Amino acid sequence: MNTEQFRRAGYQAIDRICDHYNSMEEKAVKPSVEPGYLQKALPSAPPTKGEDIEVIANDFQDLIMPGVMHWQHPSFFAYFPAAGTLESIIGDLYASTAMNPGFNWMCSPACTELENVTMDWAASLYGLSKDFYNSANVGGGVIQTNASECAMLAIVAARSRYLMLYPDVPMEKLVIYVTTQTHSLGLKAGLVLGLSVYAFPVRTEDNLSLRGEDLREIIEMDRAEGKHPFVIIGTVGTTSSGAIDNIDEIGETLSDYPEIWLHIDAAWLGAAFSCPEYRERCRVPAINEYADSVCVNFHKWGLVSLDCSGMWVRNRKHLTEALDITPPFLRSSEGDAGTVIDYRNWSLALGRRFRSAKLWFVLRSFGVEGYQAHIRRSISLGEIFVERVREHPELLELVVPPSFSLSVFRIAPRAVPDISADELNELNELYYRNIDKRKDIMLTRTELNGVHCVRFVTGALETKPHHIESAFAICSETAKASIKEYIEGRVQVTKQHRTN
């Protein structure tokens, strides 16, 4: 392909992307394909001779796109927001022209320095302490792929720091702390690193958040048994319910155990730090005082397309000392002089993409005010759904207090008199299965301390109030149909039992 052929193919691609976004609302949210559909549609081997780019592009439209889940659809309310903006796409396109592996400053000074700058911009946007700024030359920010990688790196850095303090501690005695509501990233890190993980049970009456006194009790118990807790993952906005751990209490407790690292996973909810009125509720002051590292995913609620996860550390040496392996061929005069950041020592991978370009395009295009407006609008849309649920207590109920743009609900017990807790869970499992059959809406389920329920989260850029009203109508009508189906099924089982 020469540049003129690329120009024509690029124009066509941009046109099709625009048509896709313009027609998003007309599409079903979910694809109507069966597992293995693409294997049947595509050849079993690559072509022997190269094919025309237009033929390939047409096959992408005709074969690939029908199997895509539309996370930007205005009726997508599942998992977490993934507001991949057009501004971000443009940034990604330009970043692709700078095909540098980015493992040190010398590879491409702009790639490193733009990441330095944009991570400081984001820290400022989120109200983080200047301890976390790259410009402070002590802490700093780096872009990773996702929150799981951020947690893994924080745990590796915490382990390295702890073993430097206590070199005689055997690895099998080290313990990672999470809660039963922490994302699976904590358990996965333990699995990958071969370390024990303890998950604190959290109580519904505490809004599923970890309390400081519970942390202290387990630390003392573990130490008495010869175990060595060295890191805890505190969450601001859990995946299941949006719970926020008591970071202030955790931090105060850890003041007596300064060797234990505090990592904050704010992957989804961290974007709300951008609004000053939410920072206290999101525990930003406590994060600034106590956290050793913080993660916020720009690619969730933060308007940047996958993948782009921000990680800040209070002391960069703890990260680089754990990860720095520099053979002669990776050395540079700038790195030896210590005048630049070499991001290969801040992550697991050597090569890295130019992700800061798309973050830069988004932050400049939206500005602080536009970014904040997006967050506030998403929350206000979520509040519409919450209000509708509260208006129909005879049918639906909130399981836990709403958390910003996330609410968790279920069919209410009063909808079916004399129903046991187990039966109510069965009913709500049926309810979710019936919702999940639909192609015009996407929700996900969860379980909170044994209670089966459904999550509803807003954040797509094109979602408007009428989409929320339509979603509630679907949820309420499906609830009524599910109750009828459940009762009829229960009656049928009773009849069969009597017949037998």
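- In the nomenclature of an unreviewed UniProt entry, the chain is known as Pyridoxal phosphate-dependent transferase of Thelephora terrestris.
- Its UniProt record gives the chain a comment under Sequence similarities (unreviewed entry), which states: "Belongs to the group II decarboxylase family."
- Listed under Cofactor (unreviewed entry) in UniProt, the entry text for the chain is "pyridoxal 5'-phosphate".

With respect to the overall build of the chain
And step 1. For the chain, the count of helices and strands is 16 helices and 11 strands.
And step 2. Against the compact-globule benchmark of 23 Å for 500 residues, the chain has a radius of gyration of 25 Å, which places it among compact chains.
And step 3. Seen through its principal axes, the chain has C-alpha atoms that stretch 85 × 70 × 45 Å.
And step 4. Buried positions account for 50% of the 500 residues belonging to the chain.
And step 5. Partitioning the intrachain contacts of the chain with sequence separation of at least 6 by distance along the chain shows that 74% fall at a separation of at least 24.
And step 6. As displayed, the chain offers around 23,500 Å² of accessible surface, 54% of which is attributable to carbon and sulfur atoms.
And step 7. Each charge class in the chain was averaged separately, 49 positive and 64 negative side chains, and the resulting centres sit 3 Å apart.

As for the sheet that holds strand β6 (residues 293–297)
And step 1. A sheet is described by the order of its strands in space; here 7 strands give the open sequence β1-β7-β6-β5-β4-β2-β3, paired in mixed fashion. Looking at which strands have only one partner, the edges of the open sheet turn out to be β1 (140–144) and β3 (196–200). Averaged over neighbouring strand pairs, the angle between their axes works out to 20 degrees when direction is ignored.
And step 2. Sheet analysis places strand β2 (residues 174–179) next to strand β4 (residues 228–235), joined by 4 bridges and oriented parallel. The partner of valine 175 across the bridge, within β4, is proline 229.
And step 3. Together, β2, β3 and β4 form the strand contacts of helix α8 (residues 212–224), whose direction differs from that of β2 by roughly 160 degrees.

What to know about the layout of surface pockets
Rolling a probe over the atoms, with the probe sized like a water molecule, indicates the empty space that remains.
And step 1. For the largest pocket, the calculated volume is near 1,100 Å³.
And step 2. Lining the largest pocket are 34 residues, and of these Ala13, Ile17, Tyr21, Phe60 and Ile89 sit closest to its centre.
And step 3. Contributing elements (two or more residues each) for the lining of the largest pocket: α1 (3–22), α3 (53–64) and α4 (86–95).
And step 4. No other element matches α1, which puts 12 residues into the lining of the largest pocket.
And step 5. Each of domain 1 (3–68) and domain 2 (100–354) accounts for three or more of the residues forming the lining of the largest pocket.
And step 6. Looking at the second largest pocket, its volume works out to about 600 Å³.
And step 7. Looking at the second largest pocket, it is lined by 28 residues, and the ones nearest its centre are Arg316, Gly338, Val340, Ile341 and Asp342.

Observations concerning the sheet that holds strand β9 (residues 406–411)
And step 1. Pairing is antiparallel across the open sheet formed by 4 strands, whose spatial order is β8-β9-β11-β10. Where the open sheet ends on each side, the last strands, each with one partner, are β8 (396–398) and β10 (444–448). Across this sheet, the average inter-strand angle for adjacent strands is 40 degrees, counted without regard to direction.
And step 2. Running over the sheet, helix α14 (residues 356–390) touches β8, β9 and β11 (451–457) and is turned about 125 degrees from β8.
And step 3. Against the sheet, helix α15 (residues 421–436) touches β8, β9, β10 and β11, its axis set at about 115 degrees to β9.

A short note on the domain arrangement of the chain
And step 1. One can read the domain layout of the chain as domain 1 (3–68), domain 2 (100–354) and domain 3 (375–499).
And step 2. Domain 1 and domain 2 are separated by 38 Å when their C-alpha centres are compared.

Comments concerning a nonpolar patch on the surface
And step 1. A contiguous nonpolar surface patch, about 410 Å² in accessible area, is contributed by Met1, Phe6, Ile53 and Ile56.
And step 2. Tracing the backbone through its elements, the reader meets isoleucine 56 in helix α3.

Considering empty space enclosed by the protein
And step 1. Throughout the structure, instances matching the rule amount to 2 cavities of 30 Å³ or more.
And step 2. In this model, the largest cavity occupies a volume close to 50 Å³.
And step 3. Residue lining of the largest cavity: Asn100, Gly102, Cys111, Thr112, Glu115, Tyr343, Arg352, Arg353 and Phe354, and that is the complete set.
And step 4. For the lining of the largest cavity, the class distribution of residues is 3 nonpolar, 3 polar and 3 charged.
And step 5. When its volume is computed, the second largest cavity comes out at roughly 30 Å³.

Thresholds, definitions, all that
- Residues numbered from 1 in each chain as written.
- Predicted model: local features only at pLDDT ≥ 70, side-chain atom pairs only at ≥ 80, totals over all residues.
- Heavy atoms only, no water.
- UniProt positions renumbered as here; feature names shortened; annotations may be inferred.
- Helix = DSSP H or I, 4+ residues; strand = E, 2+ residues; numbered from the N terminus.
- Rg over C-alpha atoms; globule rule 2.2 N^0.38 Å.
- Buried < 20%, exposed > 50% of the residue type's maximum accessible area, 1.4 Å probe, protein only.
- Contact = heavy atoms within 4.5 Å.
- Areas by Shrake-Rupley, 256 points an atom, 1.4 Å probe, with all protein chains shown as cover.
- Lys, Arg positive; Asp, Glu negative; His and termini not counted.
- Charge placed at Lys NZ, Arg CZ, Asp CG, Glu CD.
- Pairing = 2+ DSSP bridges.
- Axes fitted to C-alpha atoms, helices over the stretch in contact; angles between N-to-C directions.
- 1 Å grid on protein atoms, 1.4 Å probe; cavity = no way out; pocket = protein on both sides within 12 Å on 5 of 7 lines; lining within 4 Å.
- Points joined across faces, edges and corners; volume = space filled by probe spheres on them.
- Domains from an automatic or database assignment.
- Patch = residues over 30% accessible without salt bridge, like charges linked within 9 Å, V, L, I, M, F, W, Y side chains within 5 Å.
- Salt bridge = Lys/Arg side-chain N within 4 Å of Asp/Glu carboxyl O.
- Nonpolar A, V, L, I, M, F, W, Y, C, P; charged D, E, K, R; others polar.

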